[in-house]
Amino acid sequence: MKGARLSLVAALVLALAVAAAAQEGHPLTGTWYGEFGTAGSPPRDLTLVMKWDGQKITGLANPGPDAVPLQAATLDVTFAVNPPGRVLVSIGTESKDTVPPKFTVRLEMDSPGKTGCAGRYVFEGAIQNPLASNRKIVGTWTCGNAKGEFSLQ
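Residues numbered from 1 in each chain as written. Predicted model: local features only at pLDDT ≥ 70, side-chain atom pairs only at ≥ 80, totals over all residues. Heavy atoms only, no water.

Overview of the pattern of salt bridges
Line of reasoning, step 1. Under the defined criterion, the tally for this structure stands at 4 salt bridges.
Line of reasoning, step 2. The residue Glu108 makes a salt bridge to Arg106 at a minimum N-O spacing of 2.9 Å.
Line of reasoning, step 3. By relative accessible area, which is 14% here, Glu108 ends up buried.
Line of reasoning, step 4. Residue Glu108 pairs with Arg120 through a salt bridge whose shortest N-O separation is 2.9 Å. Of this pair, Glu108 sits in strand β7 (residues 102–112) while Arg120 sits in strand β8 (residues 118–128); the two residues are 12 residues apart in sequence, bridging distant segments of the chain.
Line of reasoning, step 5. In this structure Arg120 comes out as partly exposed when scored by relative accessible area, which is 34%.
Line of reasoning, step 6. One salt-bridge network, in which partners are shared between bridges, spans Arg106, Glu108, Asp110, Arg120 and Glu124. (Salt bridge = Lys/Arg side-chain N within 4 Å of Asp/Glu carboxyl O. Buried < 20%, exposed > 50% of the residue type's maximum accessible area, 1.4 Å probe, protein only. Helix = DSSP H or I, 4+ residues; strand = E, 2+ residues; numbered from the N terminus.)

Here it is, written out as structure tokens:
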């Protein structure tokens, strides 16, 4: 009986450690899958692998033999200060503001023209659910005169 309790406690501690480790890190770090395109055209696949080294975001678009390195990547976090229509939640004697911060992303990469545009692609969007496992980046992209929407998760 004592061994079973010890095993249960050990399993619980291990599960909590794994869950805590999975929640740490930069919001852009990891592999993002999605698509981008223009209205009326079939969307194109896009895979981004990004890493934050504590100071800089680096990465590759569509890793493999034709990978394109990110030329620039930024993440701006804006905290709402007294936003209109905010909701305060009272927990005991504390009030917590439920307005989440806004995470804005800008990614730039040069393309050799295999995807229809030879030049610099600029992707700008916002991270939805930035602190959750189901986070997404949704926004717009430009390359020369071409414009469209993208979505990554």
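Okay, back to it.
Looking at the nonpolar core
In globular proteins that are soluble, nonpolar side chains generally tend to be buried together.
Line of reasoning, step 1. In terms of nonpolar packing, the biggest core is built from 24 residues, with Leu48 and Phe123 touching the most fellow members.
Line of reasoning, step 2. With 4 residues, the single largest contributor to this core is β7.
Line of reasoning, step 3. Ignoring anything within four residues of it in the chain, the contact list for Phe123 reads Phe36, Leu46, Val105, Arg106, Leu107, Met109, Thr140, Trp141 and Phe150. (Core = buried A, V, L, I, M, F, W, Y, C linked by side-chain atoms within 4.5 Å. Contact = heavy atoms within 4.5 Å.)

As for the pairing of strand β3 (residues 57–61)
Line of reasoning, step 1. Alternating positions in β3 separate cleanly, Ile57, Gly59 and Ala61 being buried on one face and Thr58 and Leu60 remaining unburied on the opposite face.
Line of reasoning, step 2. The pairing of strand β2 (residues 44–52) with β3 spans 5 bridges and is antiparallel. Each residue of the ladder has a partner; that of Met50, found in β3, is Gly59.
Line of reasoning, step 3. Taken together, the 2 bridges between β3 and strand β4 (residues 68–78) define a ladder with antiparallel strand orientation. Paired with Ala61 across the bridge in β4 is Val68.
Line of reasoning, step 4. The turn linking β3 back onto β4 is made up of 6 residues, and Asn62 within it adopts a positive phi angle of 50°. (Pairing = 2+ DSSP bridges.)

Side note on the sheet that holds β3
Line of reasoning, step 1. An order of β1-β2-β3-β4-β7-β8-β9-β10 is seen for the 8 strands of this closed barrel, with the pairing classed as antiparallel. Averaged over all adjacent pairs, the angle separating strand axes in this sheet is 25°, with direction ignored. (Axes fitted to C-alpha atoms, helices over the stretch in contact; angles between N-to-C directions.)

Digging into the pairing of strand β9 (residues 136–143)
Line of reasoning, step 1. Two strands pair when backbone bridges link them, and β8 and β9 are joined in this way by 7 bridges, in the antiparallel orientation. Bridge pairing in β9 links Ile127 to Ile137.
Line of reasoning, step 2. As paired strands, β9 and strand β10 (residues 146–152) are joined by 7 bridges and run antiparallel to one another. Across the sheet, the residue bridging to Val138 is Ser151, located in β10.

Scope: geometric values only; no functional claims are made or implied.
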